Amino acid sequence: MSGAERAAGRTHVGRVRDGNEDAYGLARNAWAVADGLGGHPGGEVASRIAVDSALRCLQETSGTSVGSTLLAAFAAAADDIAARVEADPRLTEMATTLVLAVRDAAGAVHVANLGDSRAYLLAGDDLLQVTRDDNVAEQLLAAGALSAEQARTHPGQFSLTKALGHGDREPAIRRLHEPGGRLLLCSDGLNGELTDDHIRQLLGSGTTEQACDALVTAALEAGGADNVTTVVVDL
Ligand code: CA
């Protein structure tokens with residue numbers, strides 16, 4: 001069974017930004033979302049390279065552990081971003097988030113992320129946030145200085161503590177322990193506009209394509225302040 005057949009993705013520039021610096025990719029048993037950092041030239045270049053390089057690396061690498069394969073995929077993305085900067089110094093400051101999910105030969109799903117693009121799992125009626133953001137709001141939340149609801153709207157959510165292209169290349173890696181369910185990868189243009197409960201309701205609606213459409217439409221209706229990207233996979 002091909003995982004790609006039951007996966008869908010959608011990206012939208014939003015209602016405020018001039019350009020879309022998000023990117024996503026769907027491959028056989030591998031899915032990715034990246035969000036190029038605004039405020040620097042080349043965010044859309046960095047996010048596209050990250051998705052394409054990571055997915056290509058996964059397809060070409062076999063015979064090693066999933067953990068080492070995911071590390072190699074992030075390293076490939078970082079190296080390819082650096083090579084592009086070398087070729088075009090105007091892009092020196094470009095960087096991106098990357099969240100990458102893979103299904104291994106045994107059917108287990110592993111998620112790696114660096115930055116603040118997220119993975120969620122809808123298991124039954126429960127929505128689990130799989131990833132932790134690499135940003136200041138998450139640090140304050142972990143330290144007990146903010147509640148989850150305060151962290152959602154805290155300005156520290158815009159201060160990334162890690163990004164591909166800014167010297168960081170080692171993602172946090174987690175294995176999903178729940179069998180099945182529906183996986184969501186998204187940029188912060190989604191979870192910045194919608195509460196987890198709203199995401200939970202929409203993620204479960206219809207096919208993977210319909211869920212992507214419902215989520216993006218809701219984010220636009222809520223303001224669409226940022227580029228918004230979703231990848232939805234039935235596991
Ligand atoms: Ca964003």
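Treat the numbers as computed from the prediction; the structure is a model and nothing was measured. (Residues numbered from 1 in each chain as written. Predicted model: local features only at pLDDT ≥ 70, side-chain atom pairs only at ≥ 80, totals over all residues. Heavy atoms only, no water.)

A. Seen up close, the sheet that holds strand S10 (residues 228-234). Across the sheet, five strands lie side by side as S1-S10-S9-S6-S7; this open sheet has antiparallel pairing. Each end of this open sheet is capped by a strand with a single partner; those strands are strand S1 (7-12) and strand S7 (126-129). When the angles between neighbouring strand axes are averaged without regard to direction, this sheet yields 15°. Across five bridges, the pairing between strand S6 (residues 118-123) and strand S9 (residues 182-186) is antiparallel. Residue pairing for S9: Ala 119 is matched across the bridge by Leu 185. Seen against the sheet, helix H6 (residues 196-203) touches S6, S7, S9 and S10 and runs at an angle of roughly 120° to S7. Sheet strands touched by helix H7 (residues 208-221): S1, S9 and S10. Its angle to S10, the strand with the most contacts, is close to 155°. (Pairing = 2+ DSSP bridges. Helix = DSSP H or I, 4+ residues; strand = E, 2+ residues; numbered from the N terminus. Axes fitted to C-alpha atoms, helices over the stretch in contact; angles between N-to-C directions. Contact = heavy atoms within 4.5 Å.)

B. Up close: the coordination of the calcium ion. For the calcium ion, every protein donor is listed as Asp 35 (OD), Asp 35 (OD), Asp 188 (OD) and Asp 226 (OD), and the spread of their distances is 2.3 to 3.1 Å. Donor residues for the calcium ion, ordered by position in the chain, follow D-x152-D-x37-D. Linking Asp 35 in strand S3 (residues 30-35) with Asp 226 in the loop between H7 and S10, this pair joins segments that are 191 residues apart in sequence. By the burial criterion, Asp 35 is buried, and Asp 226 matches it. (Donors = N, O, S within 2.8 Å, 3.2 Å for Na, K, Ca; no water. Buried < 20%, exposed > 50% of the residue type's maximum accessible area, 1.4 Å probe, protein only.)

C. The nonpolar core, seen in detail. The biggest cluster of nonpolar side chains holds 30 residues, and the ones touching the most others in it are Leu 55, Leu 58, Met 94, Leu 98, Leu 100 and Leu 164. With nine residues, the top contributor of residues to this core is helix H1 (residues 43-60). Aside from chain neighbours lying at most four places away, what touches Leu 164 is Ala 50, Phe 74, Ala 77, Ala 78, Ile 81, Met 94, Ala 95, Thr 96, Leu 98, Leu 114 and Arg 169. Listed in part, the 20 residues of the second largest apolar core include Ala 8, Cys 186, Leu 194 and Ala 219. (Core = buried A, V, L, I, M, F, W, Y, C linked by side-chain atoms within 4.5 Å.)

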